[in-house]
Amino acid sequence: MKTLKIFLPLLIAGVLLLGCSQEKGNDPAFIPPSVENNQTVDVDKIHLFQLEEPKSGDTIATIETTQGAFEVVLYPQRAPKAVENFTTHVTEGYYNGLKIFQVVRNNRIQTGDPNNDGTGGDSIWGGPFEDEFGYDLWHFTGAVCMVSTGADSNRSQFYVVCSGELPQKTIRQMEEAKYPQKVIDAYKEKGGAPWHDSKTTVFGQVVSGMDVVQKICNLPQTENVPQEDVIVTNITLRTVE
C-alpha cells in the first residue's frame, strides 16, 4: 500500500472568493488540498473518476446554451448533496433562461444565479449547504463545481473550469505541496485550476462539448462579463444505459 503524508503549507498569500462579477483575471494562487496536517493518505485508493468514460447507470446532464450544448456526467457517490441540489433544480426548470453571467478566460464560466450578476440564488433547502471535498474529484479542465463565497456556502450557482495547460511554476507548487503524483500527472494531461482545490466542491465533469465551453470562455467580455448575453436555454437529465 502506497501512502503519502499531506502537509498544508500556505504557498502564496491570498484567499479565493468566487461569485463576484467584478473579479478580474485568473486567481493568482492556490492552497493545497484541505486535510489535517500530517494526515496519511492511501494513494492507491484515490480514484480519479474524471479520467474515465461514463458507465451504465451514470447520470448525464445536457446543458443547452445559446452558444451550443455540452454534456456533464454527475458524481453523486462523491458529492451527493451538490448533485441532489443541482438535479432537483434542473427538474424544476430553475436554471432555464439564466445567463452565463461571468467568463474568466483560462479559468471558468459561471451561471446559476436568478439575479444574473453573482449576488443571488439559493439551494433546494432554502439556505447554504456544506462543502464536499475528497481525493477523487479535482478541478481539472471541464470540472463542474459549486460556487463558494466561503466555507459551506453552496447555493445554486455553479461554474465550469475552462483552464488550459498549467505553467511549470504551478506544477512545482503542487509538487512542493505534496500532491499525489497521479493527481499531478492528471493535471498535466488535462489542465485545470488547482488553485480551486479545497475551496469549491466538484460534482461533475464535461464529457462532450468542451469546445462549446471553451468558446464561451473566450467570448469578448468586459470585466469578465460577456459582451453578448449567453443564456442557458434548457438542461435535461438522462441515465446512461
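It should be noted that the structure appears before, not after, this text.
Quick caveat: nothing in here was measured; it's all calculated off a predicted structure. (Residues numbered from 1 in each chain as written. Predicted model: local features only at pLDDT ≥ 70, side-chain atom pairs only at ≥ 80, totals over all residues. Heavy atoms only, no water.)

Caption draft 1: Highlighting the overall build of the protein. On a plain count of helices and strands, the protein comes out with 4 helices and 12 strands. In the protein, which comprises 241 residues, the share counted as buried stands at 51%. Once local pairs closer than 6 in sequence are excluded, the contacts in the protein between residues at least 24 apart make up 77%. (Helix = DSSP H or I, 4+ residues; strand = E, 2+ residues; numbered from the N terminus. Buried < 20%, exposed > 50% of the residue type's maximum accessible area, 1.4 Å probe, protein only. Contact = heavy atoms within 4.5 Å.)

Caption draft 2: Fine view of the pairing of strand β3 (residues 59-65). Most of β3 is tucked away, with 5 of its 7 residues classed as buried. Relative to strand β12 (residues 232-239), β3 runs antiparallel, the two sharing 7 bridges. Each residue of the ladder has a partner; that of A61, found in β12, is L237. Sheet topology places β3 next to strand β4 (residues 68-74); 6 bridges connect them, and they run antiparallel. The residue bridging I63 from the neighbouring strand is F70, located in β4. (Pairing = 2+ DSSP bridges.)

Caption draft 3: Quick peek at the state of the cysteines. Here the structure, examined in full by the defined rule, presents 1 disulfide. Paired through a disulfide, C162 and C217 show a sulfur-sulfur distance of 2.1 Å. Taken together, the residues C162 in the loop between β8 (158-161) and α2 (168-176) and C217 in helix α4 (residues 210-217) connect sequence positions 55 residues apart. Of the residues examined, C162 reaches a relative accessible area of 2% and is grouped as buried. (Disulfide = S-S within 2.5 Å.)

Caption draft 4: Spotlight on the packing of aromatic side chains. This model, assessed by the stated rule, comprises 11 aromatic pairs. The interplanar angle of 70° and the centroid separation of 5.2 Å between the aromatic rings of W125 and F129 together place this pair among those described as edge-to-face. A relative accessible area of 3% means that F129 is categorised as buried. Three or more aromatic residues joined by ring pairs make a cluster, and in this case those are F86, Y94, Y95, F158 and F203. (Phe/Tyr/Trp six-rings, centres within 6.5 Å; stacked < 30°, edge-to-face > 60°.)

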